[in-house]
Amino acid sequence: LNNEIAFRRTETLASMCDERARMLQDQFNVSMNHVHALAILVSTFHHGKQPSAIDQKTFGEYTERTSFERPLTSGVAYALRVLHSERKQFEKQHGWTIKKMENEDQTLVQDCNPENLDPSPLQDEYAPVIFSQETVSHIVSIDMMSGKDDRENILRARASGKGVLTSPFKLLKSNHLGVVLTFAVYSTHLPPNATPEQRINATVGYLGASYDVPSLVEKLLHQLASKQTIVVNVYDTTNKSAPIKMYGGDVIDTGLLQISNLDFGDPARKHEMQCRFKQKP
Ligand code: WA2
């Protein structure tokens, strides 16, 4: 009888965890598709029309009104690819200078009022944000290539043509770990088998979405009213020997552990959900 009860407990935990992992994965996938569609929108109506049919006001309104399509995202933004030779003209046209993400004075980084940020030092190229959803308006004018995680994402997105994810890192104006999803925007229609070099050359900008993982997973789990029963943790396990916790409190061993796989669509990143019962049997 005891064996039977123990077996049932294992099964219950496994199915609860799988269900939650699948929900999170599905919602992530849905929002990823919509971020992809936004990249195509910018390509069609900003780069594909002369003059452009998109300005900050249009982008801000459209992304706010369609935010229901992107569950789990805290905001979307568009960064333009600007070569150094184009910088002066670009800054004159926009009436602001391209800013560096981090100041020498680290205390100002979290504050991140673009007014307080240093101008970007000379680089081969920049990725200043020109359009943003209101929720992330604090990143407008910041060079996204000046932050390590954002930069790596931009380089990988444009060479691959796929949606790519960062490791978890502390987002600007947030106290939590989050991740950024990036799609490159290209100037021309590229064949599906385009080489990385062709893709890099055709790149005109980067459409990105930020995910404040803890508050968003919290919201998702809340809908399921299971918080009395199980404890959930979400990890980035890309580096197997050094997993990064993206969601959940300190782990208390209550005996059983269920690990459910999470696929967020970027084969270069691995994620998993770990579930435990709150109480020992
Ligand atoms: N978006 C919001 N908060 C952030 C952030 C970010 N990146 N980086 C650090 N804090 C416009 O990949 C291009 C968004 C970057 C896209």
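Everything discussed here concerns the structure shown above.
Numbers given to residues run from 1 along each chain, matching the order in which its sequence is written. For a predicted model such as this one, the threshold for reporting local features is a pLDDT of at least 70, and the threshold for listing and counting side-chain atom pairs is 80 or more; totals across whole chains, interfaces and linings nevertheless cover every residue. Computation of side-chain values covers all heavy atoms of the structure but excludes hydrogens and water.

A. Just the overall build of the protein, in detail. Only DSSP runs of H or I with at least four residues qualify as helices, and only runs of E with at least two residues qualify as strands; both kinds are numbered from the N terminus onward. Each helix and strand in the protein was counted, giving 7 helices and 12 strands. Projected onto the principal axes, the alpha-carbon positions of the protein cover approximately 75 × 45 × 35 Å. In the protein, which comprises 281 residues, the proportion classed as buried is 46%. Every residue pair with non-hydrogen atoms within 4.5 Å of one another is taken to be in contact. Within the protein, contacts between residues at least 6 apart in sequence are counted, and of these 68% link residues at least 24 apart. Areas reported as accessible are Shrake-Rupley estimates using a 1.4 Å probe. Residue values count occlusion only from the protein chains shown. Per element, the accessible surface of the protein, about 14900 Å² overall, is 53% carbon and sulfur. Relative accessibility decides the category of a residue: with a 1.4 Å probe and only protein chains considered, values under 20% of the type maximum give buried, values over 50% give exposed, and everything between is partly exposed.

B. Structural detail: the site of the ligand. Working definition: residue near molecule or strand if any one of its non-hydrogen atoms lies within 4 Å of it. In the vicinity of the ligand, the contacting residues are Ala77, Ile139, Met144, Asp150, Phe169, Leu171, Leu172, Val180, Thr182, Tyr206, Gly208 and Ser210. As used in this structure description, the phrase polar contact means that two N or O atoms lie within 3.5 Å; if the pair is within protein, one of them must be able to donate a hydrogen and the other to accept it, and residues adjacent in sequence are counted only when both atoms belong to side chains. Between aspartate 150 and the ligand, the recorded distance is 2.6 Å, taken from a side-chain N or O atom to a nitrogen atom. Between the ligand and leucine 172, the relevant distance is 2.9 Å, taken from a nitrogen atom to a main-chain nitrogen or oxygen of the residue. With the chains in place, 98% of the 410 Å² that the ligand exposes on its own is no longer accessible. Sorting the residues of the shell around the ligand by element identifies β7 (177–186) and β8 (203–211) as the ones contributing at least two each. Sort the elements by how many residues they give to the shell around the ligand and β8 lands first, with 3 residues.

C. Region of interest: the pairing of strand β12 (residues 271–277). With 7 of 7 residues buried, β12 lies mostly within the body of the structure. Taking every second residue as pointing to the same face, both faces of β12 are buried, with His271, Met273, Cys275 and Phe277 on one and Glu272, Gln274 and Arg276 on the other. The sheet contact formed by strand β11 (residues 258–262) and β12 spans 5 bridges and is antiparallel. Looking across to β12, one finds that glutamine 258 is bridged to cysteine 275. When DSSP locates at least two bridges between a pair of strands, those strands are taken to pair.

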